[in-house]
Amino acid sequence: MSAEVGVLIVEDDAMVRGWIRLSLRSSEFRVIGEAEDAARAVDLCERRVPGLLLVDYRLPDMLGTELVRELRREGLAAPAVLMTANTERGMNEVAREAGAQGTVLKTGSAEELLLALHLVSDGGDSFDGRHPKRPSGQSALSPRERQVLELVASGATNREIASALGLGAETVKTLLARTFAKLGARKRAEAVSAAHARGLL
Amino acid sequence: MIDEAILAAVAHEVKTPLAVLRGYAELLANGRDGRILREAPAAILEASQRLAPAVDDLLLALEIESGLETDFESLDLAELVPNGNETLSVTGDARLLERAVEILGAESRGVSVTVANGVATVVAGEARRNELELYVARLIAQAHGGELRESSTGLAMMLPLA
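Cut-offs used in this document
Residues numbered from 1 in each chain as written. Chains lettered and ligands numbered in written order. Predicted model: local features only at pLDDT ≥ 70, side-chain atom pairs only at ≥ 80, totals over all residues. Domains from an automatic or database assignment. Helix = DSSP H or I, 4+ residues; strand = E, 2+ residues; numbered from the N terminus. Nonpolar A, V, L, I, M, F, W, Y, C, P; charged D, E, K, R; others polar. Axes fitted to C-alpha atoms, helices over the stretch in contact; angles between N-to-C directions. Parallel < 35°, antiparallel > 145°, perpendicular 65-115°, else oblique. Left-handed = near helix turned anticlockwise from the far one by under 90°. Contact = placed C-beta atoms within 7 Å. Pairing = 2+ DSSP bridges.

So what's going on with the domain arrangement of chain A? Residues and values would help.
How big an interface is tends to be reported as the loss of accessible area on association of its parts. Domain annotation of chain A identifies domain 1 (5-121) and domain 2 (143-197). Just the C-alpha atoms count here: the centres of domain 1 of chain A and domain 2 of chain A sit 30 Å apart.

Next comes the structure, spelled out in structure tokens:
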């Protein structure tokens, strides 16, 4: 028998949380906390130490990918699995980029859920192959492009971005143009909005 | 046409209760312990109660999107949205308009209507609406030559008067 793994469930739907709780009951996974939104999840992660995160992609206050990214920035190393109700194009790529180790579809199959949790808790990954791949035109943002976009989202001007990142103004312009092209955006607000929608920020 | 983001949100509204139904059915089939037997009936009931209107809305959306003949007739919008004694003549489908008004918040603090320049604006009440409901309300407004507007102050459906 494997050691118990403490799971934090982050899911806004009480019905789904109830099903997950019951599905994990006879396994080595023990639910150590439940959060209905990202803010509560961050709070719980500070007070308890989850061995695994099971995170809904569509949370009321942010995307699950944003939450995983935030928790990774804060140093949480526990593997994370993102849940979605339906297949979404590019989901595996954005989940991986956010720092998650897997994705699972909420189909109601306890077997699928447990298999994904077993694989990631054993140090592997488990990305559901039913999510269509991201179109080739929509490549991921590079770390630098993401930094620039984060500063754009915070309201920084090109000059401020250049200063904050130690770059030249022309380099910032180039990075912005490349980022806009990847996101299919024409304006700064459109780029930020598109990046949020795809879980890239 | 429906865009990808709305489609994902709509699928979420339909598939989540469906997954819960399947999940509890599996649990019941595999092991009837006390806790499952206690929790399953309420969860199954709640999931089915959420699924039914979502499927109805989806069928309504398909019906409108497919351009099927809707049952347009002369109606008094004031019968759906009280506006004193004033008659608000519109040409529309009573079944569709009734659903739109319901989505706009009839169950909570109700909706109100104002009239200006030949347009009736149905102002939303406070209600929790999902993406599918908003999508359907928008389709219904458009099918009646109107529009649904979302702003920082709330939600409003604008319909031309006959």
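Describe the domain arrangement of chain B, and please don't skip the residues or the numbers.
All names here are of chain B. Entries for chain B in the domain assignment read domain 1 (4-65) and domain 2 (73-160). Mapped onto the side of domain 1 that touches domain 2, the elements with two or more residues apiece are α1 (4-30) and α2 (34-65). The dominant element in the side of domain 1 that touches domain 2, judged by the number of residues it contributes, is α2, at 7 residues. Among the residues making up the side of domain 1 that touches domain 2, the classes are represented as 8 nonpolar, no polar and 3 charged.

Requested: an account of the packing of helix α6 (residues 143-153) of chain A against helix α9 (residues 188-197) of chain A, with residues and values cited.
Residues and elements named next belong to chain A. Axis separation between α6 and α9 bottoms out at 10 Å; the angle between their running directions is 115°. Classed by the angle they form, the pair α6 and α9 counts as roughly perpendicular. Taken as a pair, α6 and α9 cross one another with a handedness that is left-handed. Facing α6, whose interface residues are L149, V152 and A153, α9 presents R188, A191, V192 and A195. Taken together, the residues of the contact of α6 with α9 sort by class into 6 nonpolar, no polar and 1 charged.

I'd love a proper account of the sheet that holds strand β5 (residues 102-105) of chain A, names of residues and values included.
Residue and element names in this part refer to chain A. Taking strand neighbours across the sheet as the criterion, the 5 strands line up as β2-β1-β3-β4-β5 in an open arrangement whose pairing is parallel. Lying at the two open borders of the sheet, with one neighbouring strand each, are β2 (29-35) and β5. Shown here is a sheet whose adjacent strand axes are inclined to one another by a mean of 25°, direction ignored. Sheet topology places strand β4 (residues 80-84) next to β5; 4 bridges connect them, and they run parallel. Within β5, the position partnered with V81 by the bridge is G102. This element, helix α3 (residues 64-73), spans β1 (5-10), β3 (52-56) and β4 of the sheet and lies at about 150° to β3.

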